[in-house]
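Structural features, examined
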Amino acid sequence: MTPFTKRVITIIQSIPEGAVMTYGGIARAAGSPRGARQVVRILHSMSRKYKLPWHRVINSKGMISLTEDESGSLQQLYLLGEGIIFDERGVIDLERYQYDPGPALELELEPEQDFNPDPEDHLLPPFE
DNA sequence: GCAATGACGTACC
DNA sequence: AGGTACGCCATTG
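Everything numeric here is computed off the predicted structure, so don't read it as measured data. Residue positions within a chain follow its written sequence, with the count starting from 1. Numbering of ligands from 1 and lettering of chains from A proceed in the order in which they are written. For a predicted model such as this one, the threshold for reporting local features is a pLDDT of at least 70, and the threshold for listing and counting side-chain atom pairs is 80 or more; totals across whole chains, interfaces and linings nevertheless cover every residue. To obtain the side-chain values, all non-hydrogen atoms of the structure were included, while hydrogens and water were left out.

**Here we look at the protein's contact with DNA strand B**
How we decide: Here a residue counts as near a molecule or strand whenever at least one of its heavy atoms sits within 4 Å of it. Side-chain atoms alone can form a polar contact between residues adjacent in sequence; in general such a contact is a pair of N or O atoms within 3.5 Å, and within protein one must be able to donate a hydrogen while the other accepts it. For the purposes of this entry, the term helix denotes a DSSP run of H or I that reaches at least four residues, the term strand denotes a run of E that reaches at least two, and both are numbered from the N terminus.
Tyr23, Gly24, Arg41, His44 and Ser60 are the nearest of the 16 residues found near DNA strand B. Counting only the atoms of DNA strand B within 4 Å of the protein, the fraction contributed by sugar and phosphate is 48%. Contact distances for DNA strand B include 2.7 Å between a base oxygen and a side-chain N or O atom of Arg41. Backbone polar atom of Ser60 to a phosphate oxygen of DNA strand B: 2.7 Å apart, as the coordinates give it. Elements represented by at least two residues in the surface near DNA strand B include exactly α2 (23–29) and α3 (36–46).

**Brief notes about the protein's contact with DNA strand C**
We count it as follows: For this scheme, ten residues count as nonpolar: Ala, Val, Leu, Ile, Met, Phe, Trp, Tyr, Cys and Pro. Four count as charged, namely Asp, Glu, Lys and Arg, and the remainder, Gly too, count as polar.
What surrounds DNA strand C is the set Thr2, Phe4, Thr5, Arg34, Arg37, Gln38, Arg41 and Ser45. Taken together, the sugar and phosphate atoms account for 60% of what DNA strand C places within 4 Å of the protein. A distance of 2.4 Å separates a phosphate oxygen of DNA strand C from a polar side-chain atom of Thr5. Here a base oxygen of DNA strand C and a side-chain polar atom of Arg41 are 3.3 Å apart. For the surface near DNA strand C, the elements supplying multiple residues, two or more each, are α1 (3–14) and α3. Sorting elements by how many residues they give to the surface near DNA strand C places α3 first, with four residues. When the residues that make up the surface near DNA strand C are grouped by side-chain class, the tally is one nonpolar, four polar and three charged.

**A few points about the nonpolar core**
Where we set the bar: Definition of nonpolar core: a set of buried residues of the types Ala, Val, Leu, Ile, Met, Phe, Trp, Tyr and Cys, connected through side-chain atoms within 4.5 Å. For every residue, the accessible area obtained with a 1.4 Å probe (protein chains only) is divided by the maximum for its type, and the residue is called buried under 20%, exposed over 50%, and partly exposed between those limits. Throughout, a residue-residue contact means that at least one pair of heavy atoms, one from each residue, lies within 4.5 Å.
One finds Val8, Ile12, Ile26, Val39, Leu43 and Val57 to be the most contacted residues of the largest nonpolar core, which totals 21 residues. Mapped by element, the contributors of at least two residues to this core are α1, α2 and α3. Element by element, the count of residues in this core is highest for α1, at five residues. With residues up to four places along the chain from it excluded, the contact list for Val57 reads Ile12, Ile15, Met21, Thr22, Tyr23, Ile26, Leu43 and Gln75. Listed in part, the nine residues of the second largest apolar core include Val20, Ile64, Phe86 and Ile92.

**What to know about the environment of Pro3**
Tracing the backbone through its elements, the reader meets Pro3 in helix α1. Between the alpha carbons of Pro3 and Ala30 there is a distance of 9.1 Å; along the sequence they are 27 residues apart.

Functional significance is not addressed by these values, which are geometric in nature.
This is the structure:
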């Protein structure tokens with residue numbers, strides 16, 4: 001596991017409820033501006049080993065990248081449950097919801113069992 | 001060890 | 001505006 005990978009995991013864990021980050025944004029925050037695809041890889045491999053709010057990671061267009069036969073519809077459900085609004089084309093307003101982790105990130109990694117989010121936990125009514 | 005694989009981003013038709 | 005071409009580089013087999 002490279003330092004970049006650890007930083008990516010830490011950053012993803014720091015995304016607060018009701019906010020999102022893009023693959024590219026995470027890569028930039030982790031110090032590798034062109035590392036968006038590595039973030040994808042890391043999400044794939046690490047979401048099994050670590051508790052990660054994987055549903056709060058979207059692409060730079062503000063859309064969910066997963067297809068529906070993957071967990072795309074589940075991801076949208078979680079985000080809706082956190083109060084995030086999608087427009088009619090399924091786009092999230094990044095200006096409003098994108099999280100900036102800032103310079104000081106000293107969260108610790110906590111290896112856990114699989115990240116098995118309970119849908120009921122996230123099903124808060126959308127605000128507004 | 002090395003080629004293939006991406007839940008991407010962006011530049012360029 | 002919408003497609004596609006290609007660079008990116010940590011992981012995987």
